[in-house]
Amino acid sequence: MSTTVSNALEDLNGSTIESVKQILPITYENITAPVICSELTCHFGVLVGITGSIKGKVLYKSDVDFFSFVGELMFGMALEGDMLKSFAGELGNMISGGLCTNIFSKGMTIDITAPTIIEGKMTLSGFKEAIEIEMTFQNGKKLEIGLMID
């Protein structure tokens, strides 16, 4: 990885983790070390584009149960179907918005695109570099985050 790309991924990683901690109403128990990836796979998740000082994408992926669990914690009611998809997209927006704020403190300005909901088996490739981390929360719930630099 080039220093510029490596630094950008490092900044995105730290800023994203901080945003997840700020947004999600559950305590994390573990965060895996970033793993360099040549492609990312997903069955259910949210893809958000990044523009500005850094160009790339963020992929928030987990199973439907994770997003439903978080939705119930935040809104006090079970979410399913289109309501769950809408919530997953909004959660991706909230975390990504926090990422924008957090990375601004590092002297960079980024913006985000509208979220894209991913449902069904999908593989992402074609980026310069990518890393993936996994955050484990209470009750073993997991959120994987893929950070890609274009």
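Just above sits the structure.
Residues numbered from 1 in each chain as written. Predicted model: local features only at pLDDT ≥ 70, side-chain atom pairs only at ≥ 80, totals over all residues. Heavy atoms only, no water.

## As for the state of the cysteines
Put simply, the test is: Any cysteine sulfur atom paired with another within 2.5 Å is treated as part of a disulfide. Burial status follows relative accessibility: with a 1.4 Å probe on protein chains alone, a residue under 20% of its type maximum counts as buried, one over 50% as exposed, and anything between as partly exposed.
Under the defined criterion, the tally for this structure stands at zero disulfides. We note that C37 lacks a disulfide partner, and the nearest cysteine sulfur, in C42, lies 13 Å from it. Overall, the relative accessible area of 13% leaves C37 in the buried class.

## So, the side chain of N13
Let me state the cut-off plainly: Comment: elements are numbered from the N terminus, with helices defined as DSSP H or I runs of at least four residues and strands as E runs of at least two.
Relative to the helices and strands, N13 resides in helix α1 (residues 3–23). You can call N13 buried: its relative accessible area is 12%.

## Remarks on the packing of helix α2 (residues 64–75) against helix α3 (residues 81–104)
Helix-helix packing is characterised by the crossing angle of the two axes and by the distance between the axes. Short version of the rule: Only C-alpha atoms enter the line fits that serve as axes; for helices the fit covers just the stretch in contact. Angles between N-to-C directions range over 0 to 180 degrees. Angles below 35 degrees are treated as roughly parallel, those above 145 as roughly antiparallel, those between 65 and 115 as roughly perpendicular, and all remaining angles as oblique. The contact criterion used throughout is that any non-hydrogen atoms of two residues lie within 4.5 Å. Residue polarity follows a fixed list, in which Ala, Val, Leu, Ile, Met, Phe, Trp, Tyr, Cys and Pro are nonpolar, Asp, Glu, Lys and Arg are charged, and the others, Gly among them, are polar.
Put simply, α2 and α3 touch, their axes get as near as 10 Å, and they point 80° apart. By the angle between their directions, the pair α2 and α3 is classed as roughly perpendicular. Listed contacts from α3 to V64, F67, S68, V70, G71, M74 and F75 of α2 are L84, F87, A88, L91 and M94. Here the contact of α2 with α3 is composed, by residue class, of ten nonpolar, two polar and no charged.

## Description of the nonpolar core
Which entries qualify depends on this criterion: To define a nonpolar core, start from buried Ala, Val, Leu, Ile, Met, Phe, Trp, Tyr and Cys residues and group those joined through side-chain atoms within 4.5 Å.
L24, F67 and I145 are the most contacted members of the largest nonpolar core, which totals 38 residues. At the level of elements, α1, β3 (40–52), β4 (56–61), α2, α3, β7 (129–137) and β8 (142–149) are the ones that each hand at least two residues to this core. When near neighbours in sequence (up to four residues on either side) are disregarded, I145 contacts T16, V20, V58, L59, Y60, I131, E132, I133 and M135. The next biggest cluster of nonpolar side chains, apart from the first, holds ten residues, and it includes L40, C42, L59 and I118.

## Looking at the pairing of β3
To be explicit about the condition: At least two DSSP bridges between two strands are needed for those strands to be called paired.
Both β3 and strand β6 (residues 116–124) contribute to a ladder of seven bridges, which runs antiparallel. Bridging across to β6, T41 finds its partner in T123. Both β3 and β4 contribute to a ladder of six bridges, which runs antiparallel. For V48, the partnering residue across the bridge sits in β4 and is V58. Between the end of β3 and the start of β4, which pair antiparallel, lie three residues. In terms of strand pairing, β3 meets strand β5 (residues 110–112) through three bridges, oriented antiparallel. Within β5, the residue paired with I50 across the bridge is I112.

## Overview of the pattern of salt bridges
Convention followed: For salt bridges, the criterion is a side-chain nitrogen of Lys or Arg within 4 Å of an Asp or Glu carboxyl oxygen.
Applying the stated criterion across every chain yields a total of five salt bridges. With a shortest N-O distance of 2.9 Å, K57 and D150 are connected by a salt bridge. Remark: D150 occurs in the segment after β8 and K57 occurs in strand β4; sequence separation between them is 93 residues. Members of the salt-bridge network, linked through shared partners, are D82, K85 and E119.

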